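One letter stands for each residue in the lines below.
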Amino acid sequence: REQGGEGAGARRYGGLFDNPNSMGDFYAMAIPVALLLAVRGERGAWQRIVAVVAVPLMLASLFLSGSRGGMIATFLVVAIAFLWSRVGIARTLLIVTASSLLVAASYAVLSTLLSDYFDLILRGLEEQGLETPRTKIWPCYLGIILRRPLGLGFAPENVTPLVSQCGLAVTTAHNIYLDLAAQSGVG
């Protein structure tokens, strides 16, 4: 999501990430770890409490990011983490139940407190589904890299005119390797 206006740049997600996909990918790693910390018995009570408090906050932030890939990856990595962790069937069922309740509670709270913003995100998710423009973006970026192998620099303004020639209005390739090659070159 871009902010408009003079001097405006990309909104900083989570105070660190400059796009919702990076934040979603972070949560795909952090939420499973927090859930495992919460249910595994060998951790101290304080660590477990912090993990239990952190999970709903991270879930809410993940929903508000609107990162489709981050949401899918988070739920996939949670399932893999619990299958691999050998915490037992009872604890796994407990965490699935608790996670379902947390997701429902997050949905209820967000749709009530931030209804306009949450509706906007849900509409975007419904419209986009699992479709992705990457099949158009990546070939465009590959062409840019081939034409400018020394790179464009790190300012998004350097990419915009070249990407617009492909009929796109993006400033990132949605692929870290293509972004780095376009920005800093391949040499």
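The structure under discussion appears in the preceding block.
Thresholds applied
- Residues numbered from 1 in each chain as written.
- Predicted model: local features only at pLDDT ≥ 70, side-chain atom pairs only at ≥ 80, totals over all residues.
- Heavy atoms only, no water.
- Disulfide = S-S within 2.5 Å.
- Helix = DSSP H or I, 4+ residues; strand = E, 2+ residues; numbered from the N terminus.
- Buried < 20%, exposed > 50% of the residue type's maximum accessible area, 1.4 Å probe, protein only.
- Core = buried A, V, L, I, M, F, W, Y, C linked by side-chain atoms within 4.5 Å.
- Contact = heavy atoms within 4.5 Å.

A.B. asks: So what about the state of the cysteines? Which residues, and what values?
C.D. replies: According to the stated counting rule, one finds one disulfide in the structure shown. Residue Cys-140 pairs covalently with Cys-166 via a disulfide, S to S 2.2 Å. Between Cys-140 and Cys-166 the sulfur-sulfur dihedral comes to about 85°; the bridge is accordingly right-handed. Of this pair, Cys-140 sits in helix α6 (residues 134-147) while Cys-166 sits in the loop between α7 (156-164) and α8 (176-184), and the two are 26 residues apart along the sequence. Taking the relative accessible area as the measure of exposure, Cys-166 reaches 38% and is therefore partly exposed.

A.B. asks: Can you explain the nonpolar core? Please cite residues and give values.
C.D. replies: Proteins that are soluble and globular tend to have nonpolar side chains buried together. With 27 residues, the main nonpolar core has Tyr-27, Ile-31, Leu-35, Val-55, Met-58, Phe-82 and Leu-110 as its most contacted residues. Among the secondary structure elements, those contributing two or more residues to this core are α1 (20-39), α2 (45-65), α3 (68-85), α4 (89-113) and α5 (115-128). Here this core gets nine residues from one element, more than from any other, and that element is α1. When near neighbours in sequence (up to four residues on either side) are disregarded, Leu-35 contacts Val-55, Val-78, Phe-82, Ile-95 and Ser-99. By size, the runner-up hydrophobic cluster in this structure holds 15 residues, among which are Leu-162, Val-163, Ala-173 and Ala-181.

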